[in-house]
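Listed below are the residues making up each chain.
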Amino acid sequence: MITRRTMIGLVAATMLASTSFTGIAHAFEPNKPVDFIIMAGKGGGADKMARLMQSIIEKNKLSTRPLVPINKSGGSGAEALIAAKGARDPDHTIMVTLNSFFTTPLRQPGLKIDAMKFAPIGRMAEDTFLLWVHKDSGITTFEQYLEKAKKDGSKWVMGGTGKNSEDNIITDYLNNNYGLSMKYIPYKGGGAVAKQVAGKQLNSSVNNPSEALGFYESGDMVPLVAFTDERLPMFPDVPTLKEKGGDFSYFMQRAVVGAPGMSDEALAYYNGLFKKVYDSAEWQDYKKKKSLMGDFMSGKDLVSYWGTQVDRHRKILKASGAIK
Amino acid sequence: MEVISALADGVLVALQPVNLGLAILGVIVGLFVGAMPGLGSVNGVAILLPFTFVIQSFTGGATSPMIFLAAIYYGAMYGGAISSITLGIPGASTAVATTFDGRPMALSGKAHIALVTAALASFVGGTVSNIIFTAFAPALASVALDFGDPEIFALMLLAFATFVGLGGDDIPKTIFSICIGLVLATVGFDIVSGEPRLIFFDITGFSHGIRFLVLAIGVYGIGEMIWTINTSRYSSSMTQVDVSAKNIWLAIKEFKTAWRGTSIGSALGFFVGILPAAGATPGSLMSYGVTKLISKNPKEFGKGAIDGIAAPEAANNSASTGAMLPMMTLGIPGSPTTAVLLAGMVIWGLQPGPLLFTNQPDFVWPLIGSFYISNVVAVLINLAFIPVFLWMLRMPFTILAPMIFVLSLVGTFAAYLDMFDVWLMVIVGVAAFFLRILDYPLAPAVLAIVLGPIAEPKLRQSLLFSDGDFSIFFTRPIAGPITILAIILILLPLFKVIKNKMKAAS
């Protein structure tokens, strides 16, 4: 997939370099292929989502120039952030982000990256988290879960996607607020974690619905509680943590951002482009199927959303001791 | 029965025009790289892997690109024999044993018999191993589902242990080579601690780790190219072959006298191929040895015995299918070539491992079906175009080398769109060349790069489970025996040394 895009991109770029001209006075249009940086490796949830956006744009001919997906998974997003920050042509560099967009600059101040400097193109969705156990555990409610996990102490094993990741943050919350001492073991990705729960190697996980869906449908994995504000339409019988008396919800942002220094004209163009993607039937269908929440958000609204998210993550990371 | 209907469906998919065309193309490429001295299946697969993204962009799934690469793998096993017989130089390490009797037979004017025997024995070996594979794979995949972190780590340990215990190369150098691979594998972002490691000179390119493809193309593209340029300063004479249809027909009739070597090679090759780190080369050498051992005329071996050609050729094809078994069912490659195939599967978006059979039947069965198809295609093309391959073998390496160079550069860039990777690939290639000059085996390093990122987190996750207690690798019913076997294999060379010392003392 990427290669053909690239080939087309390379050919198009060389051919057009001689014929096309920049500096059209009014509306911005990309005049060469757009670098579409993905803050995650190939094959994961974030990657699939990014490639879906790309295919929607391609199929509906929303852009005159192709988007070229580039996976930069290194350093928990650090590699992608550095690449976007140092982009030679900010008007043709956009990036799909996760929550590492907030946490990585906080944890690695040496990168000198400020999330707020990126151009707010559009928040496409917020991914949700649920608490999962294997059906053979016999646990069907959050209360039973707490009872069992408390009894087992550090014998109760929770899996997640890396240290200080979203999963780790939720696990810390449960441990600190419910008197648990669950052991947290990091794995490479959400899919690997779900597989370990389904194979009964782990006691529980806090997977996104899309990661656990296969095992939920086969009946192996049971959701106990959702870390959302309202019940998820896909899991109407699963209560939220708030209903259970907890004051905690947690989401993963799925947003497209522009490289720092992107011109206002270009930002306006990408705002429009991704609004069209968001409104497309394919995207809405995907949102529903994967139990994603959150409306489209861009511009000032998105910047203020980021502001609250950065503050919140700073507090969370300070509380867990990950940063000072 | 379920297996047979799944296989039948798979064969039908493999017979679709696109897939059949790719299988034919792959076999031709494979025959070529196999026949060219200095290039083997791993070189072909590594250099061409990036170009399968083009195939994938047209066909969608991962099945067609994989069929293409697997066909190269098969074709190369056939092709290796051609140069072993006519030039006396093995086209690939897997065909070394074929020179033992293939060359003498060719020199005595019976090159056509040697070539046909090699092709037919390869076909039988490939077919037998495909049947064993089809029978074993689903069962093994279902058992493998119960594997947790300690079990997988124990398997990794076993893979490294086979290199040390059975590898046949200099042991300290093998261990050194494994260590280089393991160190390079730790570069990047550590998932357990969440910290970056070994980011040399703060170059961000290292933060995603050293990509396997960069290494594979570096070692097997650039490194191999320099190595061949450096070593192939000899001139060799090619035996003339009379490839008239009548001669080939006579040779086909003569093949039945090679039943002994063919059957030993087919069976033994498969089981040696399954072993991690063993693969087709030791499989063919062992089959040659065993066939000689039980032959009625062991004295004929080395002078042009037909069994001496059939055994290694059946074995290298059979072993290449055998090596697919742990790769497909456990996600553990047994040879450098299957390691590249595994890397390809990850890049195409598949999750290798035991779940592959349950989650991706649309990928697995057409691929297995294509094994059968490619095998038939390979034997037909091989027999029909022997003269063409003989003509191609006269191509000087000075034409091939620039092609490899360009393909390596373009392929690396196309895979990740990153110039950093291209430079790193060239550096790796030059480093690999010098390591080879100093006689370090490179296959252990390449496999360690693949296995390291699996083994290390599994070790640490297991120890997190057990609160740092190593007994977790011994007390679990599946992990225990595997760990003990691995330790025995690692200590095997030590036992040999002690035995020799004791002999010398007495």
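Rules used throughout
- Residues numbered from 1 in each chain as written.
- Chains lettered and ligands numbered in written order.
- Predicted model: local features only at pLDDT ≥ 70, side-chain atom pairs only at ≥ 80, totals over all residues.
- Heavy atoms only, no water.
- Helix = DSSP H or I, 4+ residues; strand = E, 2+ residues; numbered from the N terminus.
- Pairing = 2+ DSSP bridges.
- Contact = heavy atoms within 4.5 Å.
- Axes fitted to C-alpha atoms, helices over the stretch in contact; angles between N-to-C directions.
- Salt bridge = Lys/Arg side-chain N within 4 Å of Asp/Glu carboxyl O.
- Polar contact = N/O pair within 3.5 Å; in protein donor to acceptor, adjacent residues only side chain to side chain.
- Buried < 20%, exposed > 50% of the residue type's maximum accessible area, 1.4 Å probe, protein only.
- Core = buried A, V, L, I, M, F, W, Y, C linked by side-chain atoms within 4.5 Å.
- Phe/Tyr/Trp six-rings, centres within 6.5 Å; stacked < 30°, edge-to-face > 60°.
- Lys NZ or Arg CZ within 6 Å of the ring centre and 35° of its normal.
- Parallel < 35°, antiparallel > 145°, perpendicular 65-115°, else oblique.
- Lys, Arg positive; Asp, Glu negative; His and termini not counted.
- Domains from an automatic or database assignment.
- Buried area = accessible area lost by both parts, 1.4 Å probe.
- Right-handed = clockwise from strand over helix to strand, strands pointing away.
- Patch = residues over 30% accessible without salt bridge, like charges linked within 9 Å, V, L, I, M, F, W, Y side chains within 5 Å.
- Areas by Shrake-Rupley, 256 points an atom, 1.4 Å probe, with all protein chains shown as cover.

Its identity as a non-glycine residue notwithstanding, Lys61 of chain A has a phi of 50°, on the positive side. Structurally, the position occupied by Lys61 of chain A is in the loop between α2 (45-59) and β2 (67-71). We note that Asp467 of chain B has phi near 55°; this positive angle belongs to a residue other than glycine. For Asp467 of chain B, the location among the structural elements is in the loop between α20 (443-465) and α21 (472-475).

All right, on to the sheet that holds strand β9 (residues 221-226) of chain A then. Either a parallel or an antiparallel arrangement is found when strands of a sheet pair, and the pairing is made through backbone hydrogen bonds. The 5 strands lie next to each other as β7-β6-β8-β5-β9 (chain A), forming an open sheet whose pairing is mixed. Of all the strands in the sheet, the pair left with one neighbour each is β7 (183-186) and β9 of chain A. Relative to β7 of chain A, strand β6 (residues 157-160) of chain A runs parallel, the two sharing 4 bridges. Across the sheet, the residue bridging to Gly159 of chain A is Ile185 of chain A, located in β7 of chain A. With respect to the sheet, α20 of chain B is in contact with β6 and β7 of chain A, its orientation differing from that of β7 of chain A by roughly 175°.

Listed as interface residues are 32 residues of chain A and, on the opposing side, 32 residues of chain B. At the junction of chain A with chain B, the criterion picks out 2 salt bridges. The residue Asp467 of chain B makes a salt bridge to Lys183 of chain A at a minimum N-O spacing of 3.2 Å. One can count 6 residue pairs in polar contact (both at pLDDT 80 or more) joining chain A with chain B.

All names here are of chain A. In terms of burial, strand β4 (residues 119-127) is a largely internal element, 9 of the 9 residues being buried. Relative to strand β10 (residues 252-258), β4 is paired through 7 bridges, and the arrangement is antiparallel. Looking across to β10, one finds that Pro120 is bridged to Val257.

Moving on, we get to the sheet that holds strand β1 (residues 34-38) of chain A. All names here are of chain A. Reading across the sheet, the 5 strands line up as β2-β1-β3-β10-β4 and stay open at both edges, with mixed pairing between neighbours. On the outer flanks of this sheet lie β2 and β4, each paired with one strand and no other. Going across the sheet, the axis of each strand differs from the next one's by a mean of 20°, ignoring polarity. Of the strands in this sheet, β1, β2, β3 (93-97), β4 and β10 are in contact with helix α9 (residues 264-279), which crosses β4 at around 20°.

Another point: the nonpolar core. Residues Phe133, Phe212 and Phe363 of chain B are the most contacted members of the largest nonpolar core, which totals 154 residues. No other element matches helix α6 (residues 96-144) of chain B, which puts 16 residues into this core. Once residues lying within four places of it in the same chain are set aside, the contact partners of Phe133 of chain B are Pro138, Phe270, Thr321, Met324, Leu325, Met328, Ile368 and Phe371 of chain B. Formed by 60 residues, the second largest nonpolar core is a distinct cluster that contains Ile56, Leu67, Trp156 and Tyr178 of chain A.

Per the stated rule, a full pass over the model turns up 34 aromatic pairs over all chains. Note on Phe200 of chain B and Phe206 of chain B: the rings are 5.3 Å apart at their centroids and 85° apart in plane angle, and the pair reads as edge-to-face. Here Phe206 of chain B falls in the buried class, since its relative accessible area comes to 8%. A ring pair is formed by Phe357 of chain B and Trp365 of chain B, whose centres lie 6.3 Å apart and whose planes are at 85°; its orientation type is edge-to-face. Judged on exposure class, the residue Phe357 of chain B and its partner Trp365 of chain B are both buried. Through a chain of ring-to-ring contacts, three or more aromatic side chains come together here, namely Phe129, Phe142, Tyr145, Trp156, Tyr173, Tyr178, Phe227, Phe248 and Tyr250 of chain A. Geometry around Tyr305 of chain A places Arg123 of chain A over its ring, the cationic atom sitting 4.8 Å from the centre.

This brings us to the packing of helix α5 (residues 63-86) of chain B against α6 of chain B. Two elements in contact, α5 of chain B and α6 of chain B, have axes whose closest approach is 8 Å; the angle formed by their N-to-C orientations is 170°. Considering the angle they form, α5 of chain B stands roughly antiparallel to α6 of chain B.

Residue and element names in this part refer to chain B. Note on placement: Arg103 falls in helix α6. Salt bridges are absent for the buried Arg103, whose nearest opposite-charge side chain, Asp101, sits at 12 Å. Here Ile85 takes part through its backbone oxygen, which lies 3.5 Å from a polar atom of the side chain of Arg103.

Let's shift gears to the domain arrangement of chain A. Residue and element names in this part refer to chain A. Taken domain by domain, chain A comprises domain 1 (2-127 + 252-320) and domain 2 (130-226). Counting residues at the interface gives 12 residues for domain 1 and 9 residues for domain 2. With both chains or domains summed, domain 1 and domain 2 bury close to 880 Å², and 57% of this area falls on carbon and sulfur atoms. Linking domain 1 with domain 2 are 0 salt bridges, by the criterion used here. For the pair domain 1 and domain 2, the number of links is 0 residue pairs in polar contact (both at pLDDT 80 or more).

In this section: the pairing of β6 of chain A. The two faces of a sheet get side chains in turn, since along a regular strand they alternate between them. Burial of the side chains of β6 of chain A extends over both faces: Val157 and Gly159 of chain A are buried on one face and Met158 and Gly160 of chain A on the other. Between β6 of chain A and its parallel partner β7 of chain A, the chain crosses via helix α6 (residues 166-177) of chain A, and the hand of that crossover is right-handed.

Counted by the stated rule, this structure contains 23 salt bridges over all chains. The residue Asp149 of chain B makes a salt bridge to Lys458 of chain B at a minimum N-O spacing of 3.0 Å. With a gap of 309 residues between them, Asp149 of chain B in helix α7 (residues 149-166) and Lys458 of chain B in helix α20 connect regions that are remote in the sequence. For the pair Asp149 of chain B and Lys458 of chain B, a shared accessibility class is recorded, and that class is buried. Three or more residues joined by partner-sharing salt bridges are found here, namely Lys135, Asp136, Lys200 and Asp220 of chain A.

Attention now goes to a nonpolar patch on the surface. All names here are of chain B. A cluster of nonpolar side chains, contributed by Phe474, Ile484, Ile487, Ile488, Ile490, Leu491, Leu494, Phe495, Ile498 and Met502, occupies part of the molecular surface with about 900 Å² of accessible area. Top element by residues in the nonpolar patch is helix α22 (residues 479-505). It accounts for 9 residues. Inspection of the secondary structure puts Phe495 in helix α22.

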